[in-house]
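# Per-entry structural report
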Amino acid sequence: MTSLEIGFLLIGLLVGLVLFGMHIAYALLGVAFLGIWLIRGSLDLSLRMLELTAYSGISDYLFATIPLFVLMGLLVSVSNVGRDTFEVAEVLLKRVLCGLGVATVAANTVFAAVTGVSIASAAVFTRVAVPEMTRHGYKASFSAGTVAGSSVLGMLIPPSLLLIIYGVLAEVSIGGMFIAGILPGVMLALGFVIMLMALAALAPGFVFTDPEAAKSRRMDVDAGPHLTPGEILLKLVPIVLLIILVLGGLYTGFFTPTEAGGVGAFGALLIAIGRRSLDRRKLWQVMKQTGTVSVSILLLLIAASFYSRMLSIAGLPNAIQTLVVDSGFGHWGFVLLYVAIVFLMGMILDSTSILLIVVPIAAPIAQGLGFDLFHFGIITVLAVEIGLLTPPFGISVFTVHNTLNDPGTSVEAIFLATMPFILVMLLVLGIVIVAPATATLFLR
Amino acid sequence: AQESITVNIGSSHPEQNIWVYAMKNTFQPTVDKILAEKGEYQVEWAESYGGTLYKYTDTREAVQDGIVDVGMVGTVWEGSTMPLQNVTYFTPFATADHKMLIEIFDDLNASQPDLVKSWESSNMVPLSSLITDSYDVYATFPVNEMSDLQNRRLNAPGTSANWLQGTGATPVDGALTTYYTNIQTGVTEGTLSFASGILPTRVYEVAPELTRVGVGSMYFGSIAANKDFFDGLPEPVKAAFREAGKATSKAHGDYVSELAEKAMTDMQAAGLKVHDLSDEQKAAWVKGLPDIVQPWIDQTGDAGKAVLSAYFDALRERGATPLRNWDEGR
Amino acid sequence: MSESKIQEPQQAEGEVIPSFAEAPVGFLLGTVTAVLSSVGTLWIGFLMVLIVADVLGRNFFNAPITGVAEIAGHSVVAIVFLQTAAAIMQGRLTRADFLFRRIADLSPRSGAALESLFCLTGTLVFGLIAWASWDKMVAAYVRAEFFGVQGVFTVPTWPFRAIIVGGSIVAALAALYRAFYRNPLPTGQVQ
Ligand code: NA
Ligand code: NA
């Protein structure tokens, strides 16, 4: 058997193990260990690669942003900044069709400007939006799906961990990537809004348990929270302050994108303390939860990086590169194939691993075919983000499901509810591919 | 019939990188060519370039542990385990002639006993030396006087932070990938870097003033083979590797010259303004530096002293005049 | 809507440590993992403070902290390996269990066997990490390896390598424990 065949066989083994429910980190590590052992015929080498990955594979400043962005997300959640944003959106959008769904998207869009990881948005809005939506006649699964779906905005609208990682891998300016992400992010948010309203109008059965209740609520002036303009402003002060701190600090040069997580977390801490929503016990709980959430992501990153090294030993990246170059696909063929591959990988791998695997191979090819690397970066991140929502491994859906902790709402139901979001993402992805200006407009 | 030998070759950086370029474009083809002449052996290259197997912090471990059989080893990142090779970074303003530096280290790595021992005990065989072209200051401001550096923040990663001691400038950590954003956003006001490395990062867009200060070329590391692997090779293949190593050194030197030249042309065409620091100001910089080689001597002891003296002897033998005699009185 | 409920961060699953009398092994492992995880938690706070101090120092006092990038990078290693064991004990590792739950519903015994097999894989994997990292830890200690730059700043690497070895051993034990004490079986506890 050639190493390439072993490589493909091991991908099959991995998919099988993950489908049957093995912990994904165990499966990635175990399969990769076995793979290196088989391909290079040396147990010792497999051990050394494992050690190398466990130590230096993860010791990177970039990865330090993960717990910090998570901490920021949780602090913002505890201090009710997310809820306030949602409430304001709820009041302002009360009369809109599918108002609470649209409010979730709107609040997510604003919140995305301070958080760099989607799971933070997913966790915050699961607690805030889902109970409110179900109380008003929306299906629980649809509510959860809406939160999971709109959480992808967190990684497209800057600051964003994925844009940072792409910038590093493709060696393009991270500040530039952030600017490139703005317009596609806004397009995505608008697309979600239009889709939600269309669904509520055309397929109310998909959205509501009780369409009539939702309709009467929309017509009822007294329903939902009431806020005077003054209260609205007051509720928006913290999130605006945070946005000014994070984005303002970034663009005036007080700190780098990598440091934004740390500074943002600190800002969120000050806001939480200022709002007296944090005592020592609660702070400790938040920090412990930060640890629990981030360790499972970071462990996956180690495992995925070990796995991608195994694939590299099997010669898979080179084989793919040869395949693409020899096939003579050209500009369009290449980008379609690329998006398709990323989409498939998104089903079984986490976003960072996909970037780590594909960008070093694809970016030089893309550049050779005439793609602008910022444009290509947004294509990549959009395609990767779809994977946050696709089964069997869709981390945003898992986060919502885990945070919701409701036996009545199954993972499958949430996956199903995110399908319309995936369609919108594919549409926006298509627009971005044919119209590079959507990414590069503000760059020059 | 030809006997086929599989060689795993790889790097933490992509093939276009100055330290990797000659591996793929000279080393491999030269080995192939030499072996083809005799027709006895043939190499199957299993390539893992571009950090798909390990990242830049692991270049030594990767070759030492046999993760690759041949790899680019950046001793610059091995200040802890292979400190002797970093002598150039602790003795700045020695020479800006990078081809001379390649020649010196090809020689020292094979003849200077402490360096030979260091490679051997790290289970590696150095084949070809890697260098940078001369370091200069790329900044938002020109440096006419040393006082222009006062209270400025410059990206100066790793050991290069030492070169700013006594200048009044504050070194800020970073890497080629962070300079652009750092300068654009005002985190720093410039960087210490070299032409061939800085061109692709487009730093000149945000730091359009280059002052040639001539900190000098630096020995960066070597292309090396795993020793167990190398010792197990048939004699003709070993010879081919050694021969190809020499060709690689030559090609690397030429490539860096070519890149540095092209970089200067391109950057100036894009608006980079070039200034030269006057000799007396340069002398003031060099004189103002504290004894930065001492901590390195403290770490490396007698071996360090021997390498330092061998390096400076080699420089002078080839007609270089270091601006500071770092080896004096040790 | 009750405010306190929204504000309450979700408690990690199964965080309660059993008493020594009830389950001595569970108590011991639970305590050790909780202590390690607490250190990791504190480390995240330290990371935040370090970055903020560097940003403030650099911008307002012309005094950046040297080596933040490398210290932060190595901190990630420490944070992961200090907290992995606790995550395993609490059954918080990411997994896709849609198929598994069906199997466990149809045949609880097959589900249990499968779960044990998975957990034993975890024991094996972390055992291998500990085994593979041991030599490097000893070498790092003996040769006083460091990261950073001589004369600028240096930090020894052996404590980080020791955390990998120690954390992996405890993680392997935690996975072993979960292979025998499977309760509660993951009922949709994805991640
Ligand atoms: Na964001
Ligand atoms: Na997915």
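In this text the structure is predicted, and so the values were computed from the model without any measurement.

### Side note on the overall build of chain C
When helices and strands are tallied, chain C shows 6 helices and 2 strands. The linear arrangement of helices and strands in chain C, starting from the amino end, is α-α-α-α-α-β-β-α. Put simply, of all contacts in chain C between residues at least 6 apart along the chain, 71% involve residues at least 24 apart. On chain C, roughly 8,400 Å² of surface is accessible, and the fraction owed to carbon and sulfur atoms is 69%.

### Regarding the pattern of salt bridges
This structure, assessed with the given rule, holds 29 salt bridges over all chains. With a shortest N-O distance of 3.3 Å, Asp84 of chain A and Lys235 of chain A are connected by a salt bridge. Of this pair, Asp84 of chain A sits in helix α5 (residues 81–92) while Lys235 of chain A is found in helix α13 (residues 229–252), placing the two residues 151 residues apart along the sequence. The exposure class of Lys235 of chain A is buried, given its relative accessible area of 17%. Close ionic contact of Glu47 of chain B with Lys24 of chain B constitutes a salt bridge, the shortest N to O distance being 2.9 Å. Pair noted here: Glu47 of chain B is in strand β2 (residues 41–48) and Lys24 of chain B is in helix α1 (residues 18–38), with a separation of 23 residues, a long-range link. Owing to a relative accessible area of 25%, Lys24 of chain B belongs among the partly exposed residues under this scheme.

### Digging into empty space enclosed by the protein
In this approach the atoms are scanned with a rolling probe the size of a water molecule, which exposes any empty space left behind. All names here are of chain A. Scanning the entire structure with this criterion turns up 2 cavities of 30 Å³ or more. Lining the largest cavity are 14 residues, and of these Met155, Ile297, Ser351, Thr352 and Ile395 lie nearest its centre. Of all the secondary structure elements, the ones that give two or more residues to the lining of the largest cavity are α7 (118–135), α9 (161–170), α15 (280–313) and α18 (351–368).

### Quick notes on the interface of chain C and chain A
Counting residues at the interface gives 73 residues for chain C and 71 residues for chain A. Summing the contributions of chain C and of chain A, the shared interface buries around 6,700 Å²; its carbon and sulfur component is 67%. Counting across the chain C and chain A interface gives 4 salt bridges. Applying the counting rule to chain C against chain A returns 4 residue pairs in polar contact (both at pLDDT 80 or more). Elements that contribute at least two residues to the side of chain C that touches chain A include exactly α1 (3–7), α2 (24–60), α3 (68–89), α4 (98–106), α5 (108–142) and α6 (158–180) of chain C. Looking at the side of chain C that touches chain A element by element, the count peaks at 15 residues for α2 of chain C. In terms of residue class, the side of chain C that touches chain A is made up of 39 nonpolar, 21 polar and 13 charged.

### What to know about the interface of chain A and chain B
Contacts between chain A and chain B engage 28 residues on the former and 24 residues on the latter. Buried surface at the junction of chain A and chain B, both sides included, amounts to about 2,000 Å², of which 51% is carbon and sulfur. Contact with chain B buries area across many residues of chain A, yet Arg40, Arg48 and Leu52 of chain A alone supply 23% of it, more than any other trio. There are 2 salt bridges connecting chain A and chain B. Measuring nitrogen to oxygen at the nearest pair gives 3.8 Å for the salt bridge that ties Lys55 of chain B to Asp60 of chain A.

### A look at the packing of aromatic side chains
Applying the stated rule across the entire model yields 37 aromatic pairs over all chains. Ring centres of Tyr21 of chain B and Tyr255 of chain B lie 3.7 Å apart, and the angle between their planes is 5°; this geometry places the pair in the stacked category. In this pair, Tyr21 of chain B sits in helix α1 while Tyr255 of chain B sits in helix α9 (residues 235–269), placing the two residues 234 residues apart along the sequence. Assessed through its relative accessible area of 29%, Tyr21 of chain B is described here as partly exposed. The exposure class of Tyr255 of chain B is buried, given its relative accessible area of 13%. A ring pair is formed by Tyr177 of chain C and Tyr181 of chain C, whose centres lie 4.6 Å apart and whose planes are at 20°; its orientation type is stacked. Given a relative accessible area of 15%, Tyr177 of chain C falls into the buried group.

### Observations regarding the packing of α15 of chain A against α3 of chain C
Closest axis-to-axis distance for the α15 of chain A/α3 of chain C pair is 9 Å, and the angle between their directions is 110°. By the angle between their directions, the pair α15 of chain A and α3 of chain C is classed as roughly perpendicular. Seen from α15 of chain A, the contacting residues are Gly291, Thr292, Val295, Leu298, Leu299 and Ile302 of chain A; seen from α3 of chain C, they are Val76, Val80, Phe81, Gln83, Thr84 and Ala87 of chain C. Tallied by class, residues from the contact of α15 of chain A with α3 of chain C come to 8 nonpolar, 4 polar and no charged.

### Description of the pairing of strand β1 (residues 3–10) of chain B
Residue and element names in this part refer to chain B. Summarising the sheet, β1 and β2 pair through 8 bridges and their orientation is parallel. Paired with Glu3 across the strands is Tyr41, a residue of β2. Each parallel crossover has a hand, and for β1 linked through α1 to β2 it is right-handed. Where β1 and strand β3 (residues 70–73) come together, 2 bridges link them in parallel fashion. Bridge pairing in β3 links Ile9 to Val70.

### Thoughts on the environment of Val359 of chain A
All names here are of chain A. Examined against the element boundaries, Val359 turns out to sit in helix α18. When its relative accessible area of 0% is taken as the criterion, Val359 is described as buried. Ignoring anything within four residues of it in the chain, the contact list for Val359 reads Tyr166, Leu169, Ala170, Ile354, Pro364 and Thr380.

### Points about the nonpolar core
By size, the foremost hydrophobic cluster in this structure holds 313 residues, and its most contacted members are Leu188 and Phe192 of chain A, Phe241, Trp285 and Tyr311 of chain B together with Phe81 of chain C. A per-element tally of this core places α15 of chain A first, with 17 residues. Those residues in contact with Phe192 of chain A that lie beyond four places of it in its chain are Val105, Gly149, Ser150, Val152, Leu153, Phe421, Val424 and Met425 of chain A. Ranked by size, the runner-up nonpolar core spans 17 residues in total, among them Ile198, Leu199, Tyr204 and Leu272 of chain B.

### A look at the UniProt feature "transmembrane region" (unreviewed entry) in chain C
All names here are of chain C. The feature "transmembrane region" (unreviewed entry), as annotated in UniProt, sits at residues 27–51, 71–91, 112–134 and 158–177 in this numbering. Structurally, residues 27–51 comprises 100% helix and 0% strand, and the distance from its first C-alpha atom to its last is 36 Å. Taken end to end, residues 112–134 has its terminal C-alpha atoms 33 Å apart, with 100% of it in helix and 0% in strand.

### Comments concerning the environment of Glu44 of chain B
Residue and element names in this part refer to chain B. Assignment of secondary structure puts Glu44 in strand β2. Accessibility expressed as a relative area gives 41% for Glu44, which makes it partly exposed. Once the C-alpha coordinates of Glu44 and Ala247 are considered, the two residues, 203 residues apart in sequence, prove to be 20 Å apart. Residues within four places of Glu44 in sequence aside, it is in contact with Ser4, Ile5, Thr6 and Val7.

### Observations concerning unusual backbone geometry
Residues and elements named next belong to chain B. Even without glycine at this site, Phe93 takes up a positive phi of about 60°. Among the residues examined, Phe93 registers a relative accessible area of 3% and is labelled buried. Look at Arg202: it is not a glycine, yet its phi comes out positive at around 55°. With respect to the element layout, Arg202 can be found in the loop between α7 (195–198) and β8 (209–226).

### Comments concerning the side chain of Lys55 of chain B
Position of Lys55 of chain B among the secondary structure elements: in the loop between β2 and α2 (59–64). On the basis of relative accessible area, Lys55 of chain B is assigned to the buried category, the value being 17%.

Definitions and limits used
- Residues numbered from 1 in each chain as written.
- Chains lettered and ligands numbered in written order.
- Predicted model: local features only at pLDDT ≥ 70, side-chain atom pairs only at ≥ 80, totals over all residues.
- Heavy atoms only, no water.
- Helix = DSSP H or I, 4+ residues; strand = E, 2+ residues; numbered from the N terminus.
- Contact = heavy atoms within 4.5 Å.
- Areas by Shrake-Rupley, 256 points an atom, 1.4 Å probe, with all protein chains shown as cover.
- Salt bridge = Lys/Arg side-chain N within 4 Å of Asp/Glu carboxyl O.
- Buried < 20%, exposed > 50% of the residue type's maximum accessible area, 1.4 Å probe, protein only.
- 1 Å grid on protein atoms, 1.4 Å probe; cavity = no way out; pocket = protein on both sides within 12 Å on 5 of 7 lines; lining within 4 Å.
- Points joined across faces, edges and corners; volume = space filled by probe spheres on them.
- Buried area = accessible area lost by both parts, 1.4 Å probe.
- Polar contact = N/O pair within 3.5 Å; in protein donor to acceptor, adjacent residues only side chain to side chain.
- Nonpolar A, V, L, I, M, F, W, Y, C, P; charged D, E, K, R; others polar.
- Phe/Tyr/Trp six-rings, centres within 6.5 Å; stacked < 30°, edge-to-face > 60°.
- Axes fitted to C-alpha atoms, helices over the stretch in contact; angles between N-to-C directions.
- Parallel < 35°, antiparallel > 145°, perpendicular 65-115°, else oblique.
- Pairing = 2+ DSSP bridges.
- Right-handed = clockwise from strand over helix to strand, strands pointing away.
- Core = buried A, V, L, I, M, F, W, Y, C linked by side-chain atoms within 4.5 Å.
- UniProt positions renumbered as here; feature names shortened; annotations may be inferred.

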